[in-house]
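# Examination of the molecular architecture
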Amino acid sequence: MPDAHSPSSPKLPDDAAREMEQLRQENRVLKAKLDLVAEPSLLCEDSLAMSERLYRVLAESGEDVLLVMGKGFKTVFVSPAVEWVFGYTPDEFRTIPLRRLMPRETLSRIAELKPVMRPIRPGMARISQDLRFIRKNGEEFWAAVTVSPMPSQEKGEIDLRIVIRDITARIQ
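Below is a summary of the structure that appears in this document.

What counts and what doesn't
- Residues numbered from 1 in each chain as written.
- Predicted model: local features only at pLDDT ≥ 70, side-chain atom pairs only at ≥ 80, totals over all residues.
- Heavy atoms only, no water.
- Helix = DSSP H or I, 4+ residues; strand = E, 2+ residues; numbered from the N terminus.
- Polar contact = N/O pair within 3.5 Å; in protein donor to acceptor, adjacent residues only side chain to side chain.
- Pairing = 2+ DSSP bridges.
- Axes fitted to C-alpha atoms, helices over the stretch in contact; angles between N-to-C directions.
- Core = buried A, V, L, I, M, F, W, Y, C linked by side-chain atoms within 4.5 Å.
- Buried < 20%, exposed > 50% of the residue type's maximum accessible area, 1.4 Å probe, protein only.
- Contact = heavy atoms within 4.5 Å.
- Phe/Tyr/Trp six-rings, centres within 6.5 Å; stacked < 30°, edge-to-face > 60°.
- Lys NZ or Arg CZ within 6 Å of the ring centre and 35° of its normal.

Note on placement: R135 falls in the loop between β3 (127–134) and β4 (140–151). Of the polar contacts made by the side chain of R135, one reaches the side chain of D166; its length is 3.0 Å.

Okay, here's the thing in structure tokens:
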């Protein structure tokens, strides 16, 4: 995995590339089944399982940090890319207060967004901002951050999906 200072995009690991190719092949098979089968419900389980696997592969091998924040802004999921972008393992990242990852100016900008984001609700507008963050080694970097609501696994709750992309090379 490239170090946190590398401006080049990380290459998909071989196992992730193989799994992506396998998913493409399965997609071709599903399309062929659709041509042969008159009952679409027979394909739903195959299609759902393939979609879940594809999402997992993308979340686990992508270069963007994907966070899911639940009730009380607790981190429910963090993608492995957090190690490349922030320098923390996913387990370490879950234990760090978010305020330690941001310089004061970023914390101020987030405070300005709170009225827009509360209450978190379905259909809430997606919010995108370029913000500065702090890596584990103390280095500051720029990131494009997109926050959007998503249904929670807890009935009736809404989680936040947060995507963080290192854009330092583009800003400098």
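The next point concerns the sheet that holds β3. Judged by pairing direction, the sheet is antiparallel, and its 5 strands sit side by side in the order β2-β1-β5-β4-β3 without closing on themselves. Two strands bound the open sheet, and with one partner strand each, they are β2 (75–78) and β3. Strand-to-strand twist across the sheet, computed as the mean angle between neighbouring axes with direction ignored, equals 25°. Looking at chain direction, β3 and β4 are connected through 8 bridges and run antiparallel. Within β4, the position partnered with R132 by the bridge is W142.

To continue, consider the nonpolar core. One finds V65, F86, F133 and I164 to be the most contacted residues of the largest nonpolar core, which totals 24 residues. Listed by contribution, the elements that provide at least two residues to this core are β1 (65–69), α3 (81–85), β3, β4 and β5 (158–166). Residues within four places of F133 in sequence aside, it is in contact with F86, L101, M102, P103, E139, E140, F141, A143, V145 and I164.

Structurally, V76 can be placed in strand β2. Spatially, the C-alpha atoms of V76 and R161 are 10.0 Å apart, while their sequence positions differ by 85 residues. Once you skip the residues sitting within four places of it in the chain, V76 turns out to touch V68, M69 and G70.

It is worth spelling out the pairing of β1 at this point. Of all 5 residues making up β1, 5 are buried, and the element is well covered by its neighbours. Side chains V65, L67 and M69 of β1 all project onto a buried face; the interleaved residues L66 and V68 project onto the opposite face, where all are buried too. By the bridge criterion, 5 bridges tie β1 to β5 in an arrangement that is antiparallel. Of the residues in β5, the one forming a bridge with V65 is I164.

Taken as a whole and assessed by the stated rule, the structure comprises 4 aromatic pairs. Measuring from ring centre to ring centre gives 5.2 Å for F86 and F93, while their planes differ by 55°; the resulting arrangement is tilted. F93 matches F86 in its accessibility class, with the two residues each being buried. These aromatic residues form a ring-pair network of at least three members: F86, F93, F133 and F141. Looking at R135, its charged tip hangs above the ring of F141, at a distance of 4.2 Å from the centre.

What is shown is where atoms sit, not what they do.
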